[in-house]
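# Residue-level structure breakdown
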Amino acid sequence: MKPKAGATAEREHVVAKGREVYRRLAKELEAKFPGQIVAIEVESGDHVVGGDELEAARKARERFPGKRLYFARVGSRVVHKFRVLW
Amino acid sequence: MVRGWVNEQGEPQVELVVDLGPTGGHVMAQAVIDTGFNGYLSVPSVLLGSADWELLGFEDYELASGEVVSEPVYWGRVLFAGEERFVYVVATGASDVLLGTGMLKQKVLTVNFGAGTVLIGPSPGSGEEY
């Protein structure tokens, strides 16, 4: 399925803003929540932290209903790793 | 207890039902158990065309090549180990449904490559029974 142009623009916007907010929060998050998952509401820069991605998503859906989120693993450049080559 | 098998490529597999909602229906998927994937579930984007799943947003993940890609993540529903549960699903360009170690929390995975069988059961003391 080829993503629609609007969907690609939204992805680029959310990811770019999310990374920017994460960089701003990195020092504080990395001291308090290493290895946990942060869900960032990119428009306000507000965020929630969960022990894993499911917990972070559950909290974020309650706190920011309908908002697009950027997920990051605290202290890591990615949330997940796929170790199998497709 | 969930029973699976080792496929022709030597990968452990189990069946799970992906609940895509009223339009997409229930889809039986043969999921590859990927202990190299530290998430819950990865699903091919093409499968989600008719899903009613809520788009949560996006995440960055790393491929085995080291490349980092950003993909959508969904609040998805699956039937697995006798229960319907919500899971955090990464949509990818891959063709396989991958079941990651997140789905195996509180469980014991046994793969008998000699006999070609796979068993997923509750971890002793987890309080789960099925």
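Not measured: the values here are computed from a predicted model.

### With respect to the overall build of chain B
Looking only at helices and strands, one finds zero helices and 10 strands in chain B. Ordered by position from the N terminus, the helices and strands of chain B form the series β-β-β-β-β-β-β-β-β-β. The principal-axis extents of the C-alpha atoms in chain B amount to approximately 35 × 35 × 30 Å. Expressed as a percentage of its 130 residues, the buried residues of chain B come to 53%. In chain B, once contacts between residues fewer than 6 apart in sequence are set aside, the share between residues at least 24 apart is 52%. Put simply, chain B has 5 plus and 17 minus side-chain charges, and the middle of one group is 10 Å from the middle of the other.

### Some remarks on the overall build of chain A
Regarding its fold elements, chain A presents two helices and four strands. Listed N to C, the secondary structure of chain A is α-β-β-α-β-β in terms of helices and strands. At 13 Å, chain A has a C-alpha radius of gyration in line with the 12 Å of a compact globule built from 86 residues. Considering only C-alpha atoms, chain A reaches an extent of 40 × 35 × 25 Å along its principal axes. Relative to its 86 residues, chain A shows a buried fraction of 43%. Looking at chain A as shown, the accessible area adds up to about 5000 Å², and 51% of this sits on carbon and sulfur atoms. With 19 positive and 12 negative side-chain charges, chain A shows a spacing of 5 Å between the two charge centroids.

### Considering the environment of valine 27 of chain B
All names here are of chain B. Mapped onto the elements of the fold, valine 27 is located in strand E3 (residues 26–33). Considered as a pair, valine 27 and phenylalanine 113 are 86 residues apart in the sequence and their alpha carbons are 27 Å apart. Once you skip the residues sitting within four places of it in the chain, valine 27 turns out to touch Leu16, Val17, Val18, Leu20 and Leu47.

### What to know about the nonpolar core
Residues Phe71 of chain A together with Leu16, Leu41, Phe80, Tyr88 and Leu99 of chain B are the most contacted members of the largest nonpolar core, which totals 66 residues. Sort the elements by how many residues they give to this core and helix H1 (residues 5–32) of chain A lands first, with seven residues. Excluding residues that lie within four positions of it along the chain, leucine 16 of chain B makes contacts with Val27, Met28, Ala29, Ala31, Leu41, Val78, Leu79, Phe80 and Leu99 of chain B.

### What to know about the confidence of the model for chain B
Counting all residues, the mean pLDDT for chain B is 93, and 98% of those residues have values of 70 or more. Predicted complex metrics record ipTM = 0.90 and pTM = 0.90.

### Description of the pairing of strand E7 (residues 83–92) of chain B
Each regular strand carries side chains that alternate between the two faces of the sheet. Residues and elements named next belong to chain B. Across the 10 residues that make up E7, a large majority, seven, are buried. Note that strand E6 (residues 68–80) and E7 share eight bridges and pair antiparallel. Considered in E7, the bridge of leucine 79 is made with glutamate 84. Linking two consecutive strands that pair antiparallel, namely E6 and E7, is a turn of two residues; a positive phi of about 55° is found at alanine 81 within it.

### Here we look at the environment of valine 89 of chain B
All names here are of chain B. In this fold, valine 89 is placed in strand E7. Sequence separation between valine 89 and glutamate 11 is 78 residues, and the spatial gap between their C-alpha atoms is 21 Å. Setting aside chain neighbours within four positions, we find valine 89 in contact with Leu41, Val43, Trp53, Pro72, Val73, Tyr74 and Gly76.

### Focus: the side chain of glutamate 62 of chain B
Looking at the element boundaries, glutamate 62 of chain B is found in strand E5 (residues 54–62). At 3.3 Å, the side chain of glutamate 62 of chain B and the side chain of arginine 77 of chain A are in polar contact. Leaving out residues up to four positions away in the same chain, glutamate 62 of chain B has contacts with Arg77, Val78, His80, Lys81 and Phe82 of chain A together with Glu67 and Val68 of chain B.

### Section: the packing of aromatic side chains
Applying the stated criterion to the full structure yields four aromatic pairs over all chains. Considering the side-chain rings of phenylalanine 71 of chain A and tyrosine 88 of chain B, the 5.1 Å spacing of their centres and the 85° angle between planes classify their relative orientation as edge-to-face. In this pair, phenylalanine 71 of chain A sits in strand E3 (residues 69–73) while tyrosine 88 of chain B sits in strand E7, so the two residues belong to two different chains. Look at phenylalanine 82 of chain A and phenylalanine 37 of chain B: their rings are 4.4 Å apart centre to centre, the planes differ by 15°, and that puts the pair in the stacked class. Pair noted here: phenylalanine 82 of chain A is in the segment after strand E4 (80–81) and phenylalanine 37 of chain B is in the loop between E3 and strand E4 (41–44), and the two residues belong to different chains. Here phenylalanine 82 of chain A falls in the buried class, since its relative accessible area comes to 1%. Overall, phenylalanine 37 of chain B belongs to the buried group, its relative accessible area being 1%.

Reading guide: rules and limits
Residues numbered from 1 in each chain as written. Chains lettered and ligands numbered in written order. Predicted model: local features only at pLDDT ≥ 70, side-chain atom pairs only at ≥ 80, totals over all residues. Heavy atoms only, no water. Helix = DSSP H or I, 4+ residues; strand = E, 2+ residues; numbered from the N terminus. Buried < 20%, exposed > 50% of the residue type's maximum accessible area, 1.4 Å probe, protein only. Contact = heavy atoms within 4.5 Å. Lys, Arg positive; Asp, Glu negative; His and termini not counted. Charge placed at Lys NZ, Arg CZ, Asp CG, Glu CD. Rg over C-alpha atoms; globule rule 2.2 N^0.38 Å. Areas by Shrake-Rupley, 256 points an atom, 1.4 Å probe, with all protein chains shown as cover. Core = buried A, V, L, I, M, F, W, Y, C linked by side-chain atoms within 4.5 Å. pLDDT = per-residue confidence, 0-100. Pairing = 2+ DSSP bridges. Polar contact = N/O pair within 3.5 Å; in protein donor to acceptor, adjacent residues only side chain to side chain. Phe/Tyr/Trp six-rings, centres within 6.5 Å; stacked < 30°, edge-to-face > 60°.

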